[in-house]
Amino acid sequence: SPCGCSLHVNPAYDSTLDEPPLYEESNEHRTVRPSVVSAFGHDTLDRVPNIDFYRNAGSVSGHRAVRPSLQELHDVFQKVSSGPPPKAEKGAVKFGWIKGVLVRCMLNIWGVMLFIRLSWVFGQAGWGLGTVVIVLSCVVTTITSLSMSAICTNGVVRAGGAYYLISRSLGPEFGGSIGLIFACANALAVAMYVVGFAETVVDLLKDNDMLIVDPINDIRIIGIITVVVLLGISVAGMEWEAKHPTITLIMNVFVGTFIPATETKKSQGIFNYNSKIFLDNFAPDFRGETFFSVFAVFFPAATGILAGANISGDLKDPQKAIPKGTLLAIVITGITYLAVALCVSATIVRDATGNITDAILNPGKPCNGSTAAACELGFDFSSCETETCDFGLMNNFQMITLVSGFGPLIIAGTFSATLSSALASLVSAPKVFQALCKDNIYTALRFFAKGYGKNNEPIPGYILTFFISVAIILIANLNVIAPIISNFFLASYALINFSCFHASWAKSPGWRPAYKYYNMWLSLLGAVLCCVVMFVINWLYALLTYGIELLLYIYVTVKKPAVNWGSSTQAVTFVSAVGNALSLSGVDDHVKNFRPQILTLTGSPRARPALLDLAHSFTKTYGLCLTCEVFVVGSTALQDLNAGMERNQMYLRKTKRKAFYAAVACDNFRDGTESLLQASGLGRMKPNTLMIGFKTNWRTAGAEGVQSYVGILHDAFDFEYGTVVLRINEGLDVTHIVEAEGRYESFFRLASLQSIPLTQTAQGACSLSLYLSVPPPQQVVKMNEKLLEASAQFKKKQPKGTIDVWWLFDDGGLTLLLPYILTNRKKWKDSKLRIFVAGQPGRTEQDKKEMRSLLHKFRIKCSEIIVIDDIHVQPSDNSLQKFQGMIEPFRLHDGSKGAAQAGAMKKEYPYKITDEELSSFEEKTNLQIRLNELLQEHSKSASLIVVSMPIARKESISDFLYMAWLDTLTKDLPPTVLIRGNHKSVLTFYS
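Values in this document were obtained by computation on a predicted structure and should not be read as measured data. (Residues numbered from 1 in each chain as written. Predicted model: local features only at pLDDT ≥ 70, side-chain atom pairs only at ≥ 80, totals over all residues. Heavy atoms only, no water.)

### Here we look at the overall build of the chain
Phase 1 of the analysis: Assigned secondary structure in the chain consists of 39 helices and twelve strands.
Phase 2 of the analysis: The buried share among the 991 residues of the chain stands at 53%.
Phase 3 of the analysis: If you take every contact in the chain between residues at least 6 apart in sequence, the share linking residues at least 24 apart comes to 81%.
Phase 4 of the analysis: Total accessible area computed for the chain in this model is approximately 44600 Å², and 58% of it derives from carbon and sulfur atoms. (Helix = DSSP H or I, 4+ residues; strand = E, 2+ residues; numbered from the N terminus. Buried < 20%, exposed > 50% of the residue type's maximum accessible area, 1.4 Å probe, protein only. Contact = heavy atoms within 4.5 Å. Areas by Shrake-Rupley, 256 points an atom, 1.4 Å probe, with all protein chains shown as cover.)

### Here's the deal with the state of the cysteines
Phase 1 of the analysis: Enumeration over the complete set of coordinates arrives at one disulfide.
Phase 2 of the analysis: The disulfide that involves Cys384 links it to Cys389, with 1.8 Å between the sulfurs. On the sign convention where negative means left-handed, the S-S torsion of about -110 degrees between Cys384 and Cys389 marks this disulfide as left-handed. Neither Cys384 nor Cys389 differs from the other in exposure class; each is buried.
Phase 3 of the analysis: Cys628 takes part in no disulfide bond, and the closest cysteine sulfur, belonging to Cys625, lies 8.6 Å away. (Disulfide = S-S within 2.5 Å.)

### Here we look at the side chain of Thr976
Phase 1 of the analysis: As for its placement among the helices and strands, Thr976 is situated in strand 12 (residues 976-980).
Phase 2 of the analysis: Given a relative accessible area of 1%, Thr976 falls into the buried group.
Phase 3 of the analysis: A distance of 2.7 Å separates a polar side-chain atom of Thr976 from the backbone oxygen of Pro974.
Phase 4 of the analysis: Setting aside anything within four residues of it in sequence, one finds Thr976 in contact with Val725, Leu726, Arg727, Ile945, Val947 and Thr970. (Polar contact = N/O pair within 3.5 Å; in protein donor to acceptor, adjacent residues only side chain to side chain.)

### Remarks on the sheet that holds strand 10 (residues 864-868)
Sheet strands line up and pair through hydrogen bonds in the backbone, either parallel or antiparallel.
Phase 1 of the analysis: Reading across from one edge, 5-4-3-6-7-12-11-8-9-10 is the order of the ten strands in this open sheet, with mixed pairing throughout. Each having just a single partner strand, strand 5 (660-666) and strand 10 make up the two edges of the open sheet. Mean inter-strand twist for the sheet, computed between neighbouring axes without regard to direction, equals 20 degrees.
Phase 2 of the analysis: Two elements, strand 8 (residues 801-806) and strand 11 (residues 944-948), share four bridges in a ladder whose sense is parallel. Its bridge partner being in strand 11, Asp804 is matched across the sheet by Ile945.
Phase 3 of the analysis: Contacts between helix 27 (residues 637-654) and the sheet are confined to strand 4 (625-632) and strand 5, with strand 5 contributing the most and set at about 170 degrees to the helix. (Pairing = 2+ DSSP bridges. Axes fitted to C-alpha atoms, helices over the stretch in contact; angles between N-to-C directions.)

### Quick look at empty space enclosed by the protein
Phase 1 of the analysis: On inspection of all chains with the given rule, the structure shows five cavities of 30 Å³ or more.
Phase 2 of the analysis: Size it by volume and the largest cavity reaches roughly 100 Å³.
Phase 3 of the analysis: Lining the largest cavity are 13 residues; nearest its centre among them are Ile109, Cys138, Ala302, Thr333 and Tyr337.
Phase 4 of the analysis: Going through the elements one at a time, helix 7 (118-152) and helix 17 (318-347) are the ones with two or more residues in the lining of the largest cavity.
Phase 5 of the analysis: A breakdown of the residues in the lining of the largest cavity according to their chemical character gives nine nonpolar, four polar and no charged. (1 Å grid on protein atoms, 1.4 Å probe; cavity = no way out; pocket = protein on both sides within 12 Å on 5 of 7 lines; lining within 4 Å. Points joined across faces, edges and corners; volume = space filled by probe spheres on them. Nonpolar A, V, L, I, M, F, W, Y, C, P; charged D, E, K, R; others polar.)

### Topic: the packing of aromatic side chains
Phase 1 of the analysis: Taken as a whole and judged by the stated rule, the model has 32 aromatic pairs.
Phase 2 of the analysis: Relative to Tyr337, the ring of Phe298 has its centre 5.3 Å away and its plane inclined at 80 degrees; by these criteria the two rings are edge-to-face. Here Tyr337 lies in helix 17 and Phe298 lies in helix 15 (residues 291-298), a separation of 39 residues in the sequence.
Phase 3 of the analysis: By relative accessible area, which is 3% here, Tyr337 ends up buried.
Phase 4 of the analysis: When the ring of Phe535 is compared with that of Tyr546, the centres are 6.1 Å apart and the planes differ by 5 degrees; the resulting orientation is stacked. Pair noted here: Phe535 is in helix 23 (residues 520-537) and Tyr546 is in helix 24 (residues 539-559), with a separation of eleven residues, a long-range link.
Phase 5 of the analysis: On the basis of relative accessible area, Phe535 is assigned to the partly exposed category, the value being 35%.
Phase 6 of the analysis: Ring pairs connect the aromatic residues Phe182, Phe295, Phe299, Phe489 and Tyr493, which therefore count as one cluster.
Phase 7 of the analysis: Across the ring face of Phe397, the terminal group of Arg117 is positioned such that the distance to the ring centre comes to 3.6 Å. (Phe/Tyr/Trp six-rings, centres within 6.5 Å; stacked < 30°, edge-to-face > 60°. Lys NZ or Arg CZ within 6 Å of the ring centre and 35° of its normal.)

### Focus: the confidence of the model for the chain
Phase 1 of the analysis: Summing up the model confidence of the chain, the mean pLDDT is 80 and the portion of residues at 70 or higher is 84%.
Phase 2 of the analysis: Long-range and interchain partners of residues 1-71, a stretch whose pLDDT sits below 50, account for 150 contacts in this model, where long-range means more than four residues apart.
Phase 3 of the analysis: Taken together, the stretch residues 753-774 has pLDDT below 50 and engages in 39 contacts with residues farther than four places along the chain or on a different chain. (pLDDT = per-residue confidence, 0-100.)

### Quick word on a nonpolar patch on the surface
Phase 1 of the analysis: A cluster of nonpolar side chains, contributed by Ile212, Val213, Ile221, Ile225 and Val229, occupies part of the molecular surface with about 450 Å² of accessible area.
Phase 2 of the analysis: As for its placement among the helices and strands, Ile212 is situated in the loop between helix 9 (172-207) and helix 10 (215-236). (Patch = residues over 30% accessible without salt bridge, like charges linked within 9 Å, V, L, I, M, F, W, Y side chains within 5 Å. Salt bridge = Lys/Arg side-chain N within 4 Å of Asp/Glu carboxyl O.)

### What to know about the nonpolar core
Phase 1 of the analysis: Formed by 141 residues in total, the largest nonpolar core has its most connected members in Leu118, Met192, Tyr337 and Val340.
Phase 2 of the analysis: When sequence neighbours within four positions are dropped, the list of residues in contact with Val340 reads Leu114, Leu118, Ile250, Val253, Phe254 and Ile400.
Phase 3 of the analysis: With 57 residues, the next largest nonpolar core counts Leu599, Leu624, Leu690 and Leu918 among its residues. (Core = buried A, V, L, I, M, F, W, Y, C linked by side-chain atoms within 4.5 Å.)

### Remarks on the environment of Phe467
Phase 1 of the analysis: Relative to the helices and strands, Phe467 is located in helix 21 (residues 459-473).
Phase 2 of the analysis: Taking the C-alpha atoms as reference, Phe467 lies 9.7 Å from Val227; in sequence the two are 240 residues apart.

### Quick look at the environment of Thr200
Phase 1 of the analysis: Structurally, the position occupied by Thr200 is in helix 9.
Phase 2 of the analysis: The sequence separation of Thr200 and Thr418 amounts to 218 residues, and the corresponding C-alpha distance is 10.0 Å.
Phase 3 of the analysis: Setting aside residues up to four positions removed in sequence, Thr200 forms contacts with Ile116, Gln398, Ile411, Thr414 and Phe415.
Phase 4 of the analysis: At a separation of 3.2 Å, a polar atom in the side chain of Thr200 contacts the main-chain carbonyl oxygen of Gly196.

### Regarding helix 35 (residues 877-887)
Phase 1 of the analysis: For helix 35, the set of buried residues is Ser879, Leu880, Phe883, Met886 and Ile887. The arc that holds the buried residues of helix 35, viewed along the axis, is 120 degrees, so those residues lie on one side. In helix 35, the exposed positions angled more than 90 degrees off the buried face are occupied by Asp877, Gln881 and Lys882.
Phase 2 of the analysis: Looking at the buried side of helix 35, the elements it contacts are helix 37 (915-920), helix 38 (922-938) and helix 39 (959-970). (Arc of directions from axis to C-beta.)

### Considerations on the packing of helix 9 against helix 10
Phase 1 of the analysis: At a minimum axis distance of 8 Å, the contact between helix 9 and helix 10 shows a crossing angle of 125 degrees. Relative to helix 10, the element helix 9 is oriented oblique. The hand of the helix 9/helix 10 crossing is right-handed. The residues of helix 10 that touch helix 9, namely those facing Val190, Val194, Val195, Phe197, Ala198, Glu199, Val201, Val202, Leu205 and Lys206, are Pro215, Asp218, Ile219, Ile222, Gly223, Thr226, Val227 and Leu230.
Phase 2 of the analysis: For the contact of helix 9 with helix 10, the residue count by class is 13 nonpolar, two polar and three charged. (Parallel < 35°, antiparallel > 145°, perpendicular 65-115°, else oblique. Left-handed = near helix turned anticlockwise from the far one by under 90°.)

### Things to note about the pattern of salt bridges
Phase 1 of the analysis: Taken as a whole and assessed by the stated rule, the structure comprises 21 salt bridges.
Phase 2 of the analysis: Linking Asp733 and Arg608 is a salt bridge whose minimum nitrogen-to-oxygen distance equals 3.4 Å. One end of the pair, Asp733, is in the loop between strand 7 (722-727) and helix 30 (735-751); the other, Arg608, is in the loop between strand 3 (598-601) and helix 26 (609-619), and 125 residues separate them in sequence.
Phase 3 of the analysis: The class for Arg608 is partly exposed, based on a relative accessible area of 23%.

### A word on the packing of helix 35 against helix 38
Phase 1 of the analysis: At a minimum axis separation of 10 Å, helix 35 and helix 38 run at an interaxial angle of 120 degrees. With respect to helix 38, the axis of helix 35 lies oblique. When the axes of helix 35 and helix 38 are compared, the crossing they make is right-handed. Touching Ser879, Leu880 and Phe883 of helix 35 are Thr925, Asn926, Ile929 and Glu933, all from helix 38.
Phase 2 of the analysis: Of the residues belonging to the contact of helix 35 with helix 38, the class tally is three nonpolar, three polar and one charged.

### What to know about unusual backbone geometry
Phase 1 of the analysis: Unusually for a residue other than glycine, Ala476 sits at a positive phi of about 60 degrees.
Phase 2 of the analysis: Tracing the backbone shows Ala476 in the loop between helix 21 and helix 22 (478-506).
Phase 3 of the analysis: In this structure, Lys620 takes a positive phi of about 50 degrees despite not being glycine.
Phase 4 of the analysis: The residue Lys620 is located in the loop between helix 26 and strand 4 in this model.

### Focus on the pairing of strand 11
Phase 1 of the analysis: Of all five residues making up strand 11, five are buried, and the element is well covered by its neighbours.
Phase 2 of the analysis: Burial along strand 11 is two-sided: the face carrying Leu944, Val946 and Ser948 and the face carrying Ile945 and Val947 are both buried.
Phase 3 of the analysis: Where strand 11 and strand 12 come together, four bridges link them in parallel fashion. Each residue of the ladder has a partner; that of Ile945, found in strand 12, is Thr976.
Phase 4 of the analysis: Viewed along the sheet, the connection from strand 11 through helix 39 into strand 12 turns out right-handed. (Right-handed = clockwise from strand over helix to strand, strands pointing away.)

Written out as structure tokens, the structure reads:
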């Protein structure tokens, strides 16, 4: 360059650039273009400052903008690549299906409930209903595991467990809501297992008369100390946690039931296998409980089925490991629970005093009541019927420890199981939360996405889980904590089952799970079963859970996170849309159901915002709105078309305009528009109205441009479209401003890179002056400001005013219907309709009365009806002179020539206005001039003017004369809309 600048900044991206973008788009992320990777390498790319600028280059502010060239990228990357490459981190620990899933699930399931609540559950429910409790839990978990296995084998499963499964299947709305609840449920599970551990420790302290304060506060103290230690272990790394002792010696319980009971054990209600005890324990004996409240306490034992899925990102092969390990864990633990419970039910009575002196010395004493079985075995526990005893299935949570062959071993097993389960949940909860935050669904929680160390440990998540756990530990009552956890996990299971059903029902080609042993209806049954159980357990908790889910769902729906996971919700929406479109195609159109479906020729959606905003006001969410662009075929027309499709649709979404973007590439603008008019839409969902901006530069556009524009209007009528033309004095096209905006913004973003401090040097100043060229004159700046203000006028709420409707021809009612629709929109609700109609002199009141009656039948309200009875008066000389001056350059002036010369002139200039044509249509010309005078007189202060558009008969009226009519009619007025229906009725009297 003249000043020696070395920075090369591209102009606004246009079709002359043939370099592909730096990044290629895919469903979930962008991929660096292979040529760039080969040129610079992945390590260099990762260390580029402000690399997001290059990632987004080419779509700045939603429009075509500056895109760095490879030379520019080379300059930036060369500086970065001169430094040493980053050190590769040691590979993360990965687990197989046994250690990662099977053992982990069994650790969670063989937790607190096996050793300190299972005997209580069977004491309350009896072994009859107790078996139902276990079987029902296994049914719920098995169905959920089948559904989960199908989802897990339908693609790569990453970190996040249940959250990942639900979010990728049902979408961010469901996934985001259940993700937080599921993470909290895992945090609550930590508290539950820790409280179970603390209960066992407190029982030991109580037996040895070593309580610190009292049982409740001791549980709190021990629980908080325990969770602090567990937090340190989990932060130390998952590898240690996975190597922690796994299975306690459950056989110790079975051995203990065969060892002959001592007198001390008998006084505690523990006998050897006895059919009388077994039969006595068959029926339920609920004391302050119900079947479902007992189920709610037991069910958290089953929540361990997701322990493997929760760390799916740390498994070697999640697709194989999760189904195999989870289902086998359910079988093993289900059998174990049932076997231990039945053994206990056959050897321990419900109530016992623990006093050896209660042995019956008189064998002939009659045995009745709830303690009859113990009485027949030589002990009198009848005092338990009137007062609470300390032993037996109903009264002591440590009965399994007492019945075992070696009690300390069971205590050690309880410690191991509860702590291992707590540790597994403490690891799972932060990882689920981290996966949720990485997806950036809740932007305020982005901080928790950060990981540390070789395993990317979520340290902030650990700390949050710690505080949640401590808060729940302070409750210090396992029977209160368990139902809350059951509720949360049942909600998660319900959505996992529903996810599988939904994905199967959508029949998306992308739903191809490798695991085939599932059934969509069984998954639906599982979802319904989970919901029913939730409400039966505690309807208040269930309502609260679903209330929180609903609020989170609404929040995510409103925020619309920028993610696309190909969810089944999208598939079902597509199937539903196709089904509805097909249903509509079988129904004939009816005038009562007519609504404007508008095809708007805006070019790029950013190019003519006023046109797009007014079209959107007509359709809103109740009709179809297409914003269309025609690319004239050139070297890169197809490349421009493809590049702009997604970007322009995204712009419409971001600006909350309910419209679709469509584009075609053709040899010329008219052919492209004709293609759009013929092929746009689907079935009955197709445009019926063309909306286009007025061609203000028609006098300088040349014959071809004018013929193309007028030809489009003729094509619209030929294809039975209604036609709407918008004119604003300041103009509609803001393309030059948008492109200039993009150049300024992109340059300064590039200059802000730390590696190229352009604005701080003379070299940068030189580049800036060359790049932005000479500033525009002040007059141009003011014109652009007015243009921008006019372009945004339909986007904001309209002040009080009027919409003046000049209904001059019967076109089927479209000229009347569209402004009426506007008055029903929120932005236009303060605008009143004024109807102007042509009348005859001396019949003003009668014409007004007839019009009022007609509007009443159409159920259209207006503030005023004005009859114009001097519409056919000759226009003023001044107006006529202005019109003559307007068309003068386009007149042929062939009237004074000879026939041969006139013929030659017509052949040379077929588009010009002949004297004969001007004379033949003098009356119609004068009508347009007169109408403008009347509009100036009556509607100069209106917010919007709607006028019936005159029609030019094809091949009878020259294109330049027709454009002169439209120009004269709408000149120097507030925003004016010319409307002409296709003469099909859009209004009806009938209900």
